[in-house]
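Structural overview for review
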Amino acid sequence: MVVAYAILVPSIAGPEALAVDLARAGQAPALAHPFGTDNLGRDLFVQVAAALRVSLVIAAAAALLATGIGLLIGTASALAGGTTDRIVMRLADATNALPHLILGIVIVAMFRGNIAAIILSIGLTHWVLVARITRSEALVLREHDYITAARLAGAGRRHILAQHIVPGVLGQALVATTLLLPHAVWHESTLSFLGLGLPPHQPSLGTLLAASRDAILLGSWWTLAFPAGMLVLTTIALALASSRLGREHRRPQHQEVLR
């Protein structure tokens, strides 16, 4: 429902719903405008949907980037084993020890207002979770008989990694991606709220929350309540989806063990 709201509402409403109309500025929520209007007369119901669409796209791209990095590092580390595995995991611990928000601010500050920089900042600070999950799964897979048979048949590490290990951990990587989505949404919103993410004219949940700071002093509580509420609702929805996906992915494995 959250995704449908973000995709359908701006398309159905059209650009005129986001056009500046000072005659209807600062209107409280009503039947004509369920979320009210902002200080420029733009319909907040449509504006929040458009902002949510941008935030979800950025979060999805960042989560996929983090998954790709974590999947490569985690599986390669598990297959290498020994000292290499220990060094890579210590580097992962060091990355995880750094405050993600501060590191993201440093990256975004160099390319202010650049969507690619926001995606890069989130991806480079959130790959550790995926790396740990895929590494633990890969450590189990590399002990299976078919991996041993592939080694005895002369298969190299690259072949084993590409043909056996990576396909075997993709399910867990998908679960990790959904776990990253709520973090990515909040991360993007925080950067935009601080003025380091998207520019003010580009709608996102963070820029709407930043714009509401002045309007809330004039009594326009809805300019803060609805974007913040949608941010919380989106986080809960993504968290529930990732939890459900994790249970569904583990269930076949448990049934296989029982058989």
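Up top you'll find the structure we're talking about.
Quantities reported herein were computed from a predicted structural model and do not represent experimental measurements. (Residues numbered from 1 in each chain as written. Predicted model: local features only at pLDDT ≥ 70, side-chain atom pairs only at ≥ 80, totals over all residues. Heavy atoms only, no water.)

1. Details of the overall build of the protein
- Helices and strands together make up the secondary structure of the protein, namely 10 helices and zero strands.
- With the C-alpha coordinates of the protein rotated into their principal frame, the extents come out at 75 × 45 × 25 Å.
- In the protein, buried positions account for 42% of the 259 residues.
- Of the contacts formed within the protein by residues at least 6 apart in sequence, a portion of 69% connects residues at least 24 apart. (Helix = DSSP H or I, 4+ residues; strand = E, 2+ residues; numbered from the N terminus. Buried < 20%, exposed > 50% of the residue type's maximum accessible area, 1.4 Å probe, protein only. Contact = heavy atoms within 4.5 Å.)

2. Re the side chain of His33
- As for its placement among the helices and strands, His33 is situated in the loop between helix H1 (2–13) and helix H2 (44–80).
- Owing to a relative accessible area of 12%, His33 belongs among the buried residues under this scheme.
- The residues touching His33, leaving out its near neighbours within four places in the chain, are Arg24, Gln27, Ala28 and Asp43.

3. A few points about the environment of Ala176
- Along the polypeptide, Ala176 turns up in helix H8 (residues 157–193).
- Given a relative accessible area of 0%, Ala176 falls into the buried group.
- Considered as a pair, Ala176 and Thr134 are 42 residues apart in the sequence and their alpha carbons are 8.8 Å apart.
- Contacts of Ala176, omitting those with residues within four sequence positions, involve Val130 and Ile133.

4. Digging into the side chain of Asp85
- Here Asp85 is to be found in helix H3 (residues 82–97).
- Reaching out from Asp85, the side chain makes a polar contact with the side chain of Ser77 at a distance of 2.4 Å.
- Setting aside residues up to four positions removed in sequence, Asp85 forms contacts with Ser77, Ala78 and Arg135. (Polar contact = N/O pair within 3.5 Å; in protein donor to acceptor, adjacent residues only side chain to side chain.)

5. Notes on the pattern of salt bridges
- Going through the model one piece at a time under the given rule, you end up with four salt bridges.
- Across the salt bridge formed by Arg42 and Asp38, the nearest N and O atoms sit 2.8 Å from each other.
- For the salt bridge of Asp85 with Arg135, the shortest nitrogen-to-oxygen distance reads 2.8 Å. Here the residue Asp85 occupies a position in helix H3, and Arg135 occupies one in helix H6 (residues 127–141), the gap between them amounting to 50 residues.
- Judged by its relative accessible area of 8%, Asp85 is buried.
- Judged by its relative accessible area of 21%, Arg135 falls in the partly exposed class.
- Among the ionic contacts, a cluster of salt bridges with common partners joins Arg90, Asp93 and Arg132. (Salt bridge = Lys/Arg side-chain N within 4 Å of Asp/Glu carboxyl O.)

6. Description of helix H9 (residues 205–217)
- Its 13 residues place the ends of H9 19 Å apart at the C-alpha level, agreeing with the 18 Å of an ideal helix rising 1.5 Å per residue.
- Where H9 bends most, the angle comes to about 30°, and this point is Ala211.
- Leu205, Gly206, Thr207, Leu208, Leu209, Ala210, Ser212 and Ala215 are the residues of H9 that are buried.
- Just beyond H9, the residue with positive phi is Gly219, at close to 95°. (Expected span 1.5 Å × (residues − 1). Bend = angle between axes of the 7 residues up to and from the residue.)

Remember, this is a structural readout, not a statement about activity or role.
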